[in-house]
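As a plain string of letters, each chain reads:
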Amino acid sequence: MGFFDFMTEDIAIDLGTANTLIIHNDKVVIDSPSIVARDRITGKIIAVGKEANMMQGKTHENIKTIRPLKDGVIADFDASEKMISMFIKSIPALKKKMFTPALRMVVCIPSGITEVEMRAVKESCERVNGKEVYLIHEPMAAAIGIGVDIMQPKGNMIVDIGGGTTEIAVIALGGIVCDKSVKIAGDVFTNDIIYYMRTQHNLFVGETTAEKIKISVGAATEDLETPPDDMEVQGRDLLTGKPKQVNVSYREIAKALDKSIQRIEDAVMETLSQTPPELAADIYNTGIYLAGGGSMLRGLDKRISQKTDLPVYIAEDPLRAVVRGTGMALKNLQKFRSILIK
């Protein structure tokens, strides 16, 4: 075992719809968009991560950008495998090695995932030299990453708003008591903005621009204490076909996102209504924890708090909460053995 241990490297992966993060030796070594660019003729992957992200929406017919994960699950098996292997190969510490080491991995998966989808993730990892692959549910990983002691007989509610799915879970005694996974998250917000710009301003914007709007002036409610400045948005005028620019305020984006956010609120309310009374009592005291990129939407914490009458806390560095938790689970394999899926 000793020699094999010496040859084995530990990595923790958060394989997300929007971003993939990898931790190696307690450091986040990869934090890149989950996107690959493929050459249509040769079928080779030309770029991955940030490079491929810059190509999105700007390609000619010989290049195709693919997002291998959809709704938190693998949609394009081949592309996802190549993406994972390229990310792993680009980890600085593993580059120095003469040959690829065997990997012990913990990968997180959405809680609403099916057996087949679970196997797809596992096989993808085994094919990039993963000798031991453990899976962990996303809300669990988020809870560990936030710093909640999940093994206690206390209820904690986690809402993880990612790119493809929003994971809502009540966790106690190292297990998920009740959970809900809804396919409304960052990607849907982005599409809402595209649709809004199209219908209200006759302006056709791409995904990259819509994402920028969401980050710069995105809001979940129209009454913000510190509102962001208006943003100038460029795109194509649908009437004249000419490029044009319009000003967008956070109020408009709050309107555009309202319906989707309502559906997230409803899912939170439904999960609360399924929670056993003893745990509901705990949650009244501990409140709700938000993680994932979607939790950074201005005023979302306030809005959920008003809807549920509970205190709502945003994890620090919410984008990395899940991967931090996955990394902690990897370090303390013995302690968290019960929550990992082999």
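The numbers attached to residues start from 1 for each chain and follow its sequence in the written order. Given that this is a predicted model, residues contribute local features only at a pLDDT of at least 70 and side-chain atom pairs are listed and counted only at 80 or more, while totals for whole chains, interfaces and linings are drawn from all residues. Water and hydrogen atoms were dropped before computing side-chain values, which therefore reflect all heavy atoms in the structure.

In the nomenclature of an unreviewed UniProt entry, the chain is known as Cell shape-determining protein MreB of Flavobacterium saliperosum. For the chain, the Sequence similarities (unreviewed entry) comment in UniProt is given as "Belongs to the FtsA/MreB family." Within the UniProt record for the chain, the comment given under Subcellular location (unreviewed entry) is "Cytoplasm". UniProt positions are given in the numbering used here, feature names are shortened, and annotations may be inferred rather than shown by experiment.

Undergrad: What is the right way to look at the packing of helix α7 (residues 186-201) against helix α9 (residues 250-274) in this model?
TA: Helix-helix packing is characterised by the crossing angle of the two axes and by the distance between the axes. Put simply, α7 and α9 touch, their axes get as near as 9 Å, and they point 140° apart. One element, α7, and the other, α9, form an angle in the oblique class. α9 is crossed by α7, and the crossing has right-handed handedness. Facing α7, whose interface residues are V188, F189, D192, I193, Y196 and H201, α9 presents E252, I253, A256, L257, S260, I261 and I264. Here the contact of α7 with α9 is composed, by residue class, of 9 nonpolar, 2 polar and 2 charged. Only C-alpha atoms enter the line fits that serve as axes; for helices the fit covers just the stretch in contact. Angles between N-to-C directions range over 0 to 180 degrees. Each helix is a run of H or I in the DSSP string that is no shorter than four residues. Each strand is a run of E no shorter than two, and both are numbered from the N terminus. Angle categories: roughly parallel below 35 degrees, roughly antiparallel above 145, roughly perpendicular from 65 to 115, and oblique for all the rest. By definition, any crossing whose near helix is turned counterclockwise from its far helix by less than a right angle is left-handed, and any crossing with a clockwise turn is right-handed. The contact definition used throughout considers only heavy atoms, calling two residues in contact when any of these lie within 4.5 Å. In this classification, the charged set is Asp, Glu, Lys and Arg, the nonpolar set is Ala, Val, Leu, Ile, Met, Phe, Trp, Tyr, Cys and Pro, and all remaining amino acids, among them Gly, are polar.

Undergrad: I would appreciate a short explanation of the state of the cysteines in the present structure.
TA: Two cysteines joined by a covalent bond between their sulfur atoms form a disulfide. The term disulfide is used for any two cysteine sulfur atoms that are within 2.5 Å. In total, this model carries 0 disulfides according to the counting rule given. Free of any disulfide, C125 has its nearest cysteine sulfur in C108, 10 Å distant.

Undergrad: In this structure, what is going on with the sheet that holds strand β9 (residues 102-109)? I would like to understand it.
TA: As a general point, the strands of a sheet are linked pairwise by backbone hydrogen bonds and lie either parallel or antiparallel. Taken together, 5 strands build an open sheet; the order of strands is β3-β2-β1-β9-β10 and the sheet is mixed. The open sheet has two edge strands with one neighbour each: β3 (27-33) and β10 (130-137). Between one strand and the next, the sheet's axes are offset by a mean angle of 20°, whatever the strand orientation. Pairing geometry for β9 and β10, over 7 bridges, is parallel. Bridge pairing in β10 links I109 to H137. Set on the sheet, helix α3 (residues 77-89) makes contact with β1 (8-15), β2 (19-24), β3 and β9; between it and β1 the angle comes to about 130°. The sheet strands contacting helix α12 (residues 318-331) are β1, β2, β3, β9 and β10, and the helix crosses β1 at an angle near 150°. Two strands qualify as a pair provided DSSP detects at least 2 bridges between them.

Undergrad: Explain the nonpolar core here, please?
TA: The nonpolar side chains of a soluble globular protein tend to be buried, and buried together. Grouping buried Ala, Val, Leu, Ile, Met, Phe, Trp, Tyr and Cys residues that are joined through side-chain atoms within 4.5 Å yields what is termed a nonpolar core. The buried label applies to any residue whose accessible area, calculated with a 1.4 Å probe on protein chains only, is under 20% of its type's maximum; exposed applies above 50%, and partly exposed to all values in between. One finds F189, M197, I213, V233 and I288 to be the most contacted residues of the largest nonpolar core, which totals 45 residues. Of all the elements, α9 adds the most residues to this core, at 9 residues. Residue ranges for the domains trace back to a domain assignment, done automatically or taken from a database. Shared between two domains, this core holds at least three residues of each, these being domain 1 (148-184 + 260-318) and domain 2 (186-256). Leave out the neighbours within four places in its chain, and V233 touches M197, L203, V205, T209, I213, K244, Q245, V246 and V248. In this structure, I22, I30, I84 and I109 belong to the second largest nonpolar core, which totals 31 residues.

Undergrad: I'm lost on empty space enclosed by the protein in this one. Help?
TA: Using only the protein atoms, space was sampled on a 1 Å grid; points where a 1.4 Å probe fits but cannot get out form cavities, open sets with protein on both sides within 12 Å along at least five of seven lines form pockets, and lining residues are those with an atom within 4 Å of a point. Grid points are joined across faces, edges and corners, and a volume is the space filled by probe spheres set on the points. Counting across every chain of the model gives 1 cavity of 30 Å³ or more. What lines the largest cavity is simply L15, L69, G72, C108, I109, P110, I113 and V121.

Undergrad: What is the right way to look at the UniProt feature "binding site: ATP" (unreviewed entry) in the chain in this model?
TA: According to UniProt, the "binding site: ATP" (unreviewed entry) feature falls on T17, A18, N19, G163, G164, T165, E211, K212, I213 and K214. In this structure, the largest pocket is lined, among the annotated residues mentioned, by T17, A18, N19, G163, G164, T165, E211, K212 and K214. Note that N19 resides in strand β2. Apart from the residues lying within four places of it in its own chain, the contact partners of N19 are D14, S32, P33 and S34. Tracing the chain through its elements places K214 in helix α8 (residues 207-217).

Undergrad: Can you help me understand the environment of T65 in this one?
TA: Structurally, T65 can be placed in strand β6 (residues 63-66). Counting along the chain gives 222 residues from T65 to G287, while the straight-line C-alpha distance between them is 40 Å. Apart from the residues within four sequence positions on either side, T65 is in contact with I35, V36, A37, A52, M55, Q56 and T59.

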